[in-house]
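# Structural overview for review
Okay, here's what each chain looks like letter by letter:
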Amino acid sequence: MNASTKTRRLVRRFFKCVALLAIFGVFAVTILLLSLWIEHRTDVTLPNPTGPFAVGRTIYDWTDTKTEDPLAPMPATQRELLVWIWYPAEAQQSAAGTDYLPTELRTAVEHDRGPFIRFLTRDLTKVYAHSWPNAAVSTQQRSYPVVIMRAGASLEVWNFTTLAEDLASHGYVVVGFDAPYRSRVVVFPDGRVIKRLPQNDPERCLERAGQEQERCADKVQNAWTSDTAFVLDRLTALNATDPSGRLTGRLDMSRIGIFGHSFGGATAAQFCHDDARCKVGVDVDGALHGSVIQAGIDRPFMFLLSDHSREGDPEATQILAKMRSVYARLPPNGRQFLEIRGASHFLFADDGVLKSRIMLRILRTLGIIRIDGRRQLAITAYCLRSFFDEHLKGANATAPKIPSPLYRELQVLE
């Protein structure tokens, strides 16, 4: 056999190998896409609430006729908020899951997400929650403490339904809300769909340099804290007279807490500094902004962080230093500074359950994500209810200790 014959055979073998690899690759991609499609169309139910109460949910559309919206594109635009309330409810006869989102909102959200994100997330028509629309409030207690819930900058408040339902099942009225021009997309009951303006995106503020970055973030945060104050005003009025009669006299407005994720966590910290009605707050993985950094907080507060152990850049170090500074000035008997080892910033929301488990498994294999989404949500829910129980219900003697042997991923940061 001469050299040219050997070369031709080697070339043929090479191309056969390439062809086989290409066929295998196409087969693997086909199987992956088919698996993702089946997963996308499979029913999924949010984690079960862990408390003794059934959970109700109602939605209000509130307009502030006295205040212009500072972030609206047109002057003299009144502030308007879409308000979600989860609460302890009378037990339901059926244990079947309820729709995650109202139909009109679900349609608008699916359209806003685009085909690629929709494909990597569960079909929202196949997602079920545990809160019953407009159910009667539980009569087991005369009234219930109130917890304000703020979403992060990139998500709407309903994305945190898992945490809201769990708190409500433990005897809290949980109030979250979205605002036009600053929440990603708001769908009002009358069909209006209003999206966020680019200049009101806190994440875009970070693209700016120096003092301009802080001025941008402070402007947006001031609107967020003002929204929160307005909601508390309206809750006081609702407690006096709820047009539906459902929540009249059922809100304990002397026991108010607040928590938020990401920019919502920063808002929670600033609000607890600004407003005496806040009795206790929690920042879930949110970099601080505003005067709270210098002034501190004089009431119970908890920082609950994702895993930042692999972050050593100057920006991350500075963010952590600001948190430590505020933490050091908190009341010694009313503070927690915790990190969930392996946790991801983006899995504190329902995405921990609704994002493709196949893709999340791949990310875990690659070391990008190091915790199961449901596990991260369970730990977060445990920390929130434990901290609020201690400081809103006076459960010092019976409240579980944080951290707990049940959740060894929790690490105390001092």
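Below: a short report on this structure.

Parameters and conventions
Residues numbered from 1 in each chain as written. Predicted model: local features only at pLDDT ≥ 70, side-chain atom pairs only at ≥ 80, totals over all residues. Heavy atoms only, no water. Helix = DSSP H or I, 4+ residues; strand = E, 2+ residues; numbered from the N terminus. Buried < 20%, exposed > 50% of the residue type's maximum accessible area, 1.4 Å probe, protein only. Contact = heavy atoms within 4.5 Å. Areas by Shrake-Rupley, 256 points an atom, 1.4 Å probe, with all protein chains shown as cover. Core = buried A, V, L, I, M, F, W, Y, C linked by side-chain atoms within 4.5 Å. Disulfide = S-S within 2.5 Å. Expected span 1.5 Å × (residues − 1). Arc of directions from axis to C-beta. Pairing = 2+ DSSP bridges. Phe/Tyr/Trp six-rings, centres within 6.5 Å; stacked < 30°, edge-to-face > 60°. Lys NZ or Arg CZ within 6 Å of the ring centre and 35° of its normal. Axes fitted to C-alpha atoms, helices over the stretch in contact; angles between N-to-C directions. Patch = residues over 30% accessible without salt bridge, like charges linked within 9 Å, V, L, I, M, F, W, Y side chains within 5 Å. Salt bridge = Lys/Arg side-chain N within 4 Å of Asp/Glu carboxyl O.

## Considerations on the overall build of the protein chain
When helices and strands are tallied, the protein chain shows 11 helices and 15 strands. The buried share of the protein chain, reckoned over its 414 residues, is 53%. Sequence-distant contacts in the protein chain: of pairs separated by 6 or more residues, those separated by 24 or more amount to 74%. Of the accessible surface of the protein chain, which amounts to about 19,100 Å², a share of 57% is contributed by carbon and sulfur atoms.

## Focus on the environment of Ala 268
The topology assignment puts Ala 268 in helix H6 (residues 263-274). Exposure remark for Ala 268: the relative accessible area of 0% places this residue in the buried category. Through-space distance from the C-alpha of Ala 268 to that of Val 280 is 9.4 Å; in sequence the pair is 12 residues apart. Setting aside residues up to four positions removed in sequence, Ala 268 forms contacts with Ile 258, Phe 259, Gly 260, Val 282 and Phe 301.

## Describing the nonpolar core
A general feature of soluble globular proteins is that nonpolar side chains tend to end up buried together. Of all hydrophobic cores here, the largest spans 61 residues; its most connected members are Tyr 100, Phe 259, Cys 383, Phe 388 and Leu 410. Top contributing element to this core by residue count: helix H11 (residues 373-392), with 9 residues. One finds Leu 81, Val 83, Ile 256 and Ala 268 within the second-largest nonpolar core, a separate group that totals 46 residues.

## Regarding the state of the cysteines
The final tally for this structure, using the stated rule, is 2 disulfides. Disulfide partner of Cys 272: Cys 278, at an S-S distance of 2.0 Å. Because the torsion about its S-S bond is 40 degrees, the bridge between Cys 272 and Cys 278 counts as right-handed. Per residue, the accessibility class of Cys 272 equals that of Cys 278, and both read buried. Each disulfide of the protein chain joins two cysteines, and with those cysteines numbered along the sequence the arrangement is 1-2, 3-4.

## Regarding helix H8 (residues 314-328)
Taking 1.5 Å of rise per residue, the 15 residues of H8 would be expected to cover 21 Å, and the 21 Å separating its terminal C-alpha atoms lies within 8% of that figure. Listing the buried residues of H8 in full gives Ala 316, Met 323, Val 326 and Tyr 327. Buried residues of H8, seen end-on, are gathered within an arc of 105 degrees and therefore sit on one face of the element. Facing away from the buried side of H8 by more than 90 degrees, the exposed set consists of Pro 314 and Ala 328. The elements touched by buried residues of H8 are strand S12 (280-284), helix H7 (292-295), strand S13 (301-305) and strand S14 (335-340).

## Notes on the sheet that holds strand S4 (residues 98-99)
The sheet built from 3 strands is open, its strands ordered S1-S5-S4 with mixed pairing. Of all strands in the sheet, those with a lone pairing partner are strand S1 (44-45) and S4, marking the two edges. Here S4 pairs with strand S5 (residues 127-129) via 2 bridges, running antiparallel. Its bridge partner being in S5, Asp 99 is matched across the sheet by Tyr 128.

## Quick notes on the packing of aromatic side chains
Taken as a whole and assessed by the stated rule, the structure comprises 11 aromatic pairs. Site record: aromatic cluster; members linked through ring pairs are Phe 301, Phe 303, Tyr 327 and Phe 337. Across from the ring centre of Phe 188, 4.4 Å away, lies the NZ or CZ of Arg 192, which sits over that ring.

## Here's the deal with the sheet that holds strand S2 (residues 54-68)
The strands that make up a sheet are held in pairs by hydrogen bonds between backbone atoms, and each pair lies either parallel or antiparallel. Within the open sheet, the 10 strands sit side by side as S6-S2-S3-S8-S7-S11-S12-S13-S14-S15. Their pairing is mixed. The sheet terminates laterally at strand S6 (131-133) and strand S15 (410-412), the two strands that pair on one side only. Neighbour-to-neighbour, the strand axes of this sheet turn through a mean angle of 25 degrees, independent of strand direction. Its contacts with the sheet place H8 against S12, S13 and S14, and it is angled at close to 150 degrees to S14.

## What to know about the side chain of Asn 159
Within the secondary structure, Asn 159 is located in the loop between strand S7 (144-150) and helix H3 (161-169). Accessibility expressed as a relative area gives 1% for Asn 159, which makes it buried.

## A short note on H6
For H6, spanning 12 residues, the distance from its first C-alpha to its last is 16 Å, which sits close to the expected 16 Å at 1.5 Å a residue. Extensive coverage of H6 is indicated by the burial of 10 of its 12 residues. Burial in H6 covers these residues: Phe 263, Gly 264, Gly 265, Ala 266, Thr 267, Ala 268, Ala 269, Gln 270, Phe 271 and Cys 272.

## Points about a nonpolar patch on the surface
Where nonpolar side chains cluster on the molecular surface, the patch consists of Ile 362, Leu 366 and Ile 368 and spans about 300 Å² of accessible area. Taking the relative accessible area as the measure of exposure, Ile 368 reaches 55% and is therefore exposed.

## Focus: unusual backbone geometry
If you check the backbone angles, Tyr 181 has positive phi at about 75 degrees while not being a glycine. Within the secondary structure, Tyr 181 sits in the loop between strand S8 (173-178) and strand S9 (185-187). Take Tyr 181: its relative accessible area is 17%, and that puts it in the buried class. Of note, Asp 285 is a non-glycine position whose phi angle comes to about 60 degrees, a positive value. Along the chain, Asp 285 falls in the loop between S12 and H7. Residue Asp 285 is classed as buried on the basis of its relative accessible area, which comes to 6%.

Structural measurements only, silent on function.
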